[in-house]
Each structure stands twice: as structure tokens, then as C-alpha cells.
Amino acid sequence: MHFGILGQPAIWRQGNEIRLNTRRSRAVLAHLLLSPGHSASAENLMDAIYGDNPAKSARNQVHRGVGELRRCGVTIDVQDNVYRLDATPDTIDAFVFLRMYDQAGRQTSEGEHAKAAETLGAALELWRGPALSGLDSEAFLTEAALWNERRLAAVEARIDALLVLGRHRELIAELQHLTDQHPLKERFHAQLMIALYRSHRASEALQVFTDMKERLRGELGTDPSPALSDLRLRILRQDVVLGSADLDADVPRQLPARPGVLPGRAGELRGLVEALTERPTSPLVVITGSAGVGKTALALEAAHRVSGGFPDGQLYADDLGDPAEVLAGFLAALGVAAKEIPEGAGARAALLRSVLAVRRVLIVLDGVTEAGQVLPFLPGRSGSAVLVTSGSPLALPRDAVTVTVAALDARAARTLLATGAGARRMRAEPAAADQIVELCAGLPAALNILAAKLAARPQLSLRRLADRLAEPSRIMGELRHGGKGIMSTLMRGYHELPAKPRSLVRRIGYYGIPEITTTTAAALADVSLDAAEVMLEELSETHFVQPLPGGERYRCHELMLGFGHARARAEDGQCDLDAAVERAFGSWLALTDAAHESMRGKDGSIPRGTAPRFRPTGAPAWTGQGSAWFERHIDAHVALVRRAASKPETCWELAVAPLALFESGAHLDKWLESHQIALASVAKGSNVRGQAVLTYSLGYRALLVGDHIGAARQLREALTLFQRLGDEQGSGLTLNLIGDLDRMHRTPATARETYQEAAAALHRSGDTIAEAESLVGLATVLQSTGDEAGSQSCLDRALSLCREAGSLRSEARIRRAVAMHATKAGTPEKACPELIEALEIAIHIGDRVVQSDILLDLGTTRILLGDPKAAFDDLATAEEIARVAGMERTARRAKLARAFINGGGLGIHPTS
């Protein structure tokens, strides 16, 4: 089965046309044929048929159009409302035409003008009328204009070839017809002038120019181009070269072959074509983007699409290391004799401008690294154009058009992968396909390699390939097939970087964590914070990292991490790499110390180890809010714990560093995940204190989520380890939590002894914040047994310790205890001010556990004060915060209290 869009959309089977009776079937067919092998959603097809004003029945019309095509024998697969037509480019007249046009270009460049004319003649015979005729939506009109321009370019190229062959007389009638059809197209007029002049009809040739000039002035208010004016002067002078049949034999056609499939690039291509063809001055168009994003493929496709508008040739260079040498090559290609090419880049650039002044030439410069490489090639007058690709922004003239190419979106990336994997494999393993796309960062260079590998290895499952790619040490090796590899592509952008940013790329790769902060970069590179910021900005400009919101964080994609890791292994010593990562760990620990201190005070009530800290030069004093900082970096933090697994002391310190955030009820899953990683690390390294601290922390977690049995077991295990080590702080912290358990289980005598033992141990260790916490627990127990004076004394002492250490969280908890003491003493009116002040502190530090507890107390206190509406609001907020934080016990108590207010008959007392 064959298909056509060069005319009205059509289908042929065994040479016989199958008639399509409806516009909808022709529109659906045309849209699917314009991108053979690609998929289109129902929405895409609706847009193609109706544009911006779809009918109410548009979706149904699409389905009916697909059904009509299927009844004609056309194979159209559909999955998840996405359609794909089973047709290869060789079965579609438009793409056969393109292939023959490219073939003719190669024949011309090799001097085979007769073959080129024959090939172009056969290509033009494929046309049955204007492309996509009968389809008038905006999308089709735009595509039709492109294809019709290609047809005219082929006509021009065929006439050029025949002129070279000396067949000027037989071309005159055809050219007269073409100039009548296209009265403003200068190329046909120039070809007619040449044909007439060579046929000894110079006066008629000059009249063609005069008529064209009058028409342009009358209709557009412009004059003929310099190239056409120059041709007139050469006719007047009876230029000997002009009479030669070899006039166009030296037109350079240096563009490499068109690229293959380019899914997801329609918008960029439209912008490039418009910039190259519709600007009045000589356009300079720059394509920028990361290495492997497909800049070269995009440039070549755009260049081929507009090549017909540059009849005097297309020049191409992909090595700008010596601009003078490239200039000499271009001048020779444009017909300048070797002896007439001057020495020096400046003189050669001046001569190139003179040659281009009367010609229309497209110059493509691929892989430019700096603006100085482009400037010598810029034309001085309108008519020619320069198309540039670069991995980084260039300081070029203001009127340059820059098109930034991003990675492919997931849909386009899947389409590209499917060209090798096939639709069946993609459907069979959709999750693996998505993972491959993500691991390739949407880079066409990587996806093309994998598509080729999957096509060559039908037995290779997508899941197996995805698992291999997920290993940083293997990803570069997996992205290599058939002599092509992503490493060489990325190396080009890498070598454009100065030495220090290149070194940072390697160290980030060896570090292996996608999220990078300025502080981490400074530690890895062992430079000041300012220098690290500059290097990250350079890496961002060249797309090795991407900035994240907020200004101090960047993301390095896993593919780039794999590249950096491979270069680190190849270029750096192991000791230097290990030292860099050690500094990064140390800088992060220093930040977590500061963040924790901002939440809990200087002593902090958190066990610390001996892992080294590191502070980059120029790092400012801490000014942030600890809870917000931990919240923002929690994912990166867990990744860091995993990265530090080979260093037990560092690993466990990192794992417990966010304890102040964890105990607020946030990220209970990450609390567990990080500690499981660290426990495996300390067990392997026989780090007993690390095991004790982690077990204590997990016991705390179990207590918060209401798992009292698990909490008791883990806390007893931690206490045994701490006491074996003689660790007073660890023992005191653990005893404090055991005292909480005893109090909850209503064994006041045991709880009192435990809290007293905890306070004594913590006093000996010097941890005043934790000592204050123990005194609060002890005050609560004493109050429950009627010892009001003892309870108040403990609270006063705790508040004093807390203020000395500057711990806001502890102050909030102590004020809550003071309020409850007042309520139980029969003076609830004294409790409210304390609870409100405590709530403000808890909100300020972002502690959700303390917030929910205080709101619960405030609500029950307001019940006693006879303010049920305010009480209900407090209790509702307490329940909501507690549920989000995973604090089910608090949430249940708040719900019961609200039920009491609503008349549920359930009495409730202030929390103890």
C-alpha cells in the first residue's frame, strides 16, 4: 500500500487508487502521514482538522475518519486514545520526493548534472497538484506551504542542472511560464535571464530585469536583490563567464544528509525556518542546548528545508578550531582560485563578504564554542544567512535569533525510543520504557543509541536495559552501540569548559547525588563559596546542571552524573576524590548542626559523633530557619545518607541529623528509610555508638506513632548499649523517653524514678536542654501525685535551663506544662496565655507535633472556660495537623473532644 500528500491525500493499493470520500478521512490520513511512524492523539487530530474552533462532534469525527481509513485497508493502531499509522517513509510520496531531492543534491556536488536533472525530473513527477490540497486548517496550510516551497526548490535545482548542461534554449518557454506563475520569485527570473542571454537574446534578458524591478517597486516598494542586479550588470558587460555553460557548476552543496526522525521538534523547526527565510536582513540564527540534545540534527533539518531559498550554495563546517582554514575552504568552494585567497583570517573574511554580497548562500557552523568563531563568517549585506549551533550562550550581535533546544518531553522521547524498541515492546513494559526515557534525560543522542541497540537485540528486555542504565558506573557503557556512544557527544561540551568547572563536573559525578548546593560545590572543589557559585553558573550555562528555585540549589541529571563519574575515574586520583566527598559530607554536617541549633538550642538534645565538619571559605553565619531548611533538603539528605554508607560514623550522624524535623511528625517514612541504611552501615563497621543512637532514634519514632511495645524494646536495647559505652548523654536521653512510656502506662512511681535518673545523667553530661525536658516529665508525674510544690519547682528549673540554652522548642513544651499545671490547680484562666505563647513558638519553629498537642490543650481549656466555638476551632485544627503528621493518638483525642462539644455526651479533661 502506498500513500500520497503531494496533491490531495490519497491511497493506492497495487497501483490502483482507493478513493477517500470524506474530508475527515483525508485529514486524518494526512496528519498521520506527515510524521510517518509517529503517534498522534485524538486531540492532535482534532486540531489538525478543525484548528482552534473544533466542532462539538470533533472527537467523534476523528473516530469516524479512522474507521473509514481502516475500511480502506489502512492499518492504524490505537492505544490509550493515541493513533499510529503503519507506514514507512518509502511508501509515502512526499518522503520519496525528499529522498530523491537529497540524492540529486549529492549528484550535483559530484558533478553528475545529467543524473541530477533526471532524478529531479522523476521526483517532480510524483506531484499531482499542490500539497495537501483540499485541507484548509491552519496546521495543514503551514505544512502545505513548506512542501510547495520544496517543490519549487526542486524545480530550481533541475533548471540549474539543465543550464549547466547547456540546454538553455529548451528551458526558455518553461521559465517564462514559471515567471508568470511566480512573478515575485527572483530565482526563476535570474534563470530566465541566463537562458535568454546564452541564447543571444540579451535585450530580452535585460527586459526581464526591468519588468521585475517595476513589479517589485509597484507591489512591494522594494528593489531587486543585489544578486539579480549584479546579474544585470554582468549581462550589460557581456561577462565571458556568464556565457559559460559551467556557470552553476561550482555551486557548493556541503550539507550532510538529512537526519532521521525528529519527534517533538515541530515548534523549533518552524521557528528556525521562519528566522532563516522571513527576515529582511541577513539572518544569524543560533541553536543552543545541552550536549546530546539534538542541535546538529535540528540545524541540518532546518538547513535542508530552506536550502531552496539559497540557490548559490550551502556551506558547512563542524570544526572551527582554525577559522582561517575554514574561510579558505569556503572561498574555494565558492569558486575563488587558490592564488586569489589571501593570507590571514581577517583578509579572508573580508573577501568572503565581497563574494557573498551578490549571492544567496546558507552557512552552517556546527559546534561553535565562542563568538569569535562566528564573526568572520557574517555577511555584510542581505541575502545570505548563517546558522550556528553552540552548547553555550554566545555574545553575538543583538539581532541574532537564538533558539534554545530543551530535552525532549516524555512523549516525544518515547516515540524516539519506539523507533528501535517497537510498539509491542513499549506496550509490554511501559514502566521500564518510562524509566529509560528518564535516565536518558530526554536527550535524542542517548535515545537514538538505545533505539539502535534495542532494534539489534530483540531479546533484550526494556526492564533489563533500564536496570543497567540505573547503575551510575554502567550508564556510559550502556549508552554505546555500533561505534557510537554518548560519551563522545558529552565530551565536546565538557572540553569547552575551563579546567576548574571541568574538575567540578568530575567531582559532582563521583559524589553521585543529583541535588547540588553552592556549599556542597565549594566543599567538593575546595574553593570559596563565591568561586563555587561562579562555577555552577558556568555549568548551568552549558547545561551540565540545571538551577532549581531558590537560587542556591542545582540539579545534575543522572546521565550527567554517570558521565562525571566516568571522567573522574579516568582523570583523578582516588585520594583526591575521596577527600572531596569527605569535605562534602563535612559541609553538610556543619549545616545540619546549625539548622538543628536554630530549632533546639546549642546543646540540641541530639547525640553527636566524631565525623569531621567542613566550612567552605566565605560561608556566612547561619541565618535561616532550621525546620524550613531540613524540609527543603530532606530528599537530598536521605540520598546523602545512602552515599555515606561506606563511612559508618558519618552515615549515622547524617541519619540522625534531622531528628528535630522528624520528631515534629514530618517524614516518618524518610526517618525509617535513613535509619535502616545507617543501621546496616554501623553493623558492618562494628560502630556500637552509632547503633545505640540509631536504635534510640527509632525507639523515639515508635513512641510517636503509638507503637509502645516496639518503642519499649528499642529504647531498652539502646539504653543497654549506651550504658555499656559509659555514655551519660545517650543514657539520659533514652531514660527520658522510657520515663514518657512509664507515665503513659500510668506507673507514676516508676516514671518518677526514671525521670530523676535521666535528669541526673543529663546534668552530668552537660546537656541542659535534655535535662530541662526530663524535669518537665518529672513535673507532670509529681503533679499527678499531688505534689504541686515539687512540680512547680521542676517547671521553674526547666524553664531557666531552657532560656539559658536558647531552645524555643523546649520553651514551648515547658510553657505547655506550666499551663496544664494551672488548669489542674483549678485556674484555667491562667493557662490560656501560656498556651497561646507556646503555640506561637511552635508555629515559628514549624514543629507540628508540639502544635497539635498545644492546640488540643488549648481547646480543652477553652471548654472549661465556657468558649465552645473557639474550643471547637482549636480542636479541629489540632486533629487536622495531627493526622497529617501521623500522630493518631492526638488526632483521636481531639476528635473525642469535638464530639463532646457537639453533644456526644463524652466528657474530657485537659491532657496530662
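A brief look at the structure comes next.

Rules and cut-offs
Residues numbered from 1 in each chain as written. Predicted model: local features only at pLDDT ≥ 70, side-chain atom pairs only at ≥ 80, totals over all residues. Heavy atoms only, no water. Buried < 20%, exposed > 50% of the residue type's maximum accessible area, 1.4 Å probe, protein only. Helix = DSSP H or I, 4+ residues; strand = E, 2+ residues; numbered from the N terminus. Contact = heavy atoms within 4.5 Å. Patch = residues over 30% accessible without salt bridge, like charges linked within 9 Å, V, L, I, M, F, W, Y side chains within 5 Å. Areas by Shrake-Rupley, 256 points an atom, 1.4 Å probe, with all protein chains shown as cover. Salt bridge = Lys/Arg side-chain N within 4 Å of Asp/Glu carboxyl O. Lys, Arg positive; Asp, Glu negative; His and termini not counted. Charge placed at Lys NZ, Arg CZ, Asp CG, Glu CD. Expected span 1.5 Å × (residues − 1). Core = buried A, V, L, I, M, F, W, Y, C linked by side-chain atoms within 4.5 Å. Pairing = 2+ DSSP bridges.

Further remarks concern helix H13 (residues 323-333). Taking burial as the measure, the 11 residues of H13 include 8 buried ones, the bulk of the element. Listed as buried for H13 are Pro323, Ala324, Val326, Leu327, Ala328, Phe330, Leu331 and Ala333. In this structure, the buried side of H13 is in contact with strand S8 (314-317), helix H14 (345-356) and strand S9 (362-368).

The next subject is a negative patch on the surface. Together, Asp318, Asp319, Asp322 and Glu325 make up a negatively charged patch on the protein surface. Inspection of the secondary structure puts Asp319 in the loop between S8 and H13.

Right, let's get into helix H1 (residues 23-34). Taking 1.5 Å as the rise per residue, H1 with 12 residues should run 16 Å; its terminal C-alpha atoms sit 16 Å apart, in good agreement. Of all 12 residues in H1, 10 are buried, a share of seventy percent or more. Taken together, the buried positions of H1 are Arg24, Ser25, Arg26, Ala27, Val28, Leu29, Ala30, Leu32, Leu33 and Leu34.

A surface patch of like charges, here positive, comprises Arg746, Lys824, Arg889 and Arg892. Here Lys824 lies in helix H37 (residues 808-824). A relative accessible area of 39% means that Lys824 is categorised as partly exposed.

Leu362, Leu387, Ile436, Leu479, Leu504 and Tyr696 are the most contacted members of the largest nonpolar core, which has 141 residues in total. Of the residues forming this core, the biggest block, 9 residues, is contributed by helix H26 (residues 574-600). The contact partners of Leu504, leaving out residues within four places of it in the chain, are Ala521, Leu524, Ala525, Met535, Leu536 and Leu539. Leu69, Phe97, Leu152 and Ala205 belong to the second-largest nonpolar core, a separate cluster that totals 78 residues.

Turning our eyes to something else, we now look at the side chain of Ser791. Positionally, Ser791 belongs in helix H36 (residues 788-805). The exposure class assigned to Ser791 is buried, which follows from its relative accessible area of 1%. In this structure, Ser791 is in contact with Ala779, Leu782, Gln783 and His821, ignoring residues within four places of it in sequence.

Next up on the list: the sheet that holds strand S15 (residues 546-547). Judged by pairing direction, the sheet is antiparallel, and its 3 strands sit side by side in the order S14-S16-S15 without closing on themselves. This sheet does not close on itself; its edge strands, each paired only once, are strand S14 (515-517) and S15. Note that S15 and strand S16 (residues 553-555) share 2 bridges and pair antiparallel. The partner of Gln546 across the bridge, within S16, is Arg555.

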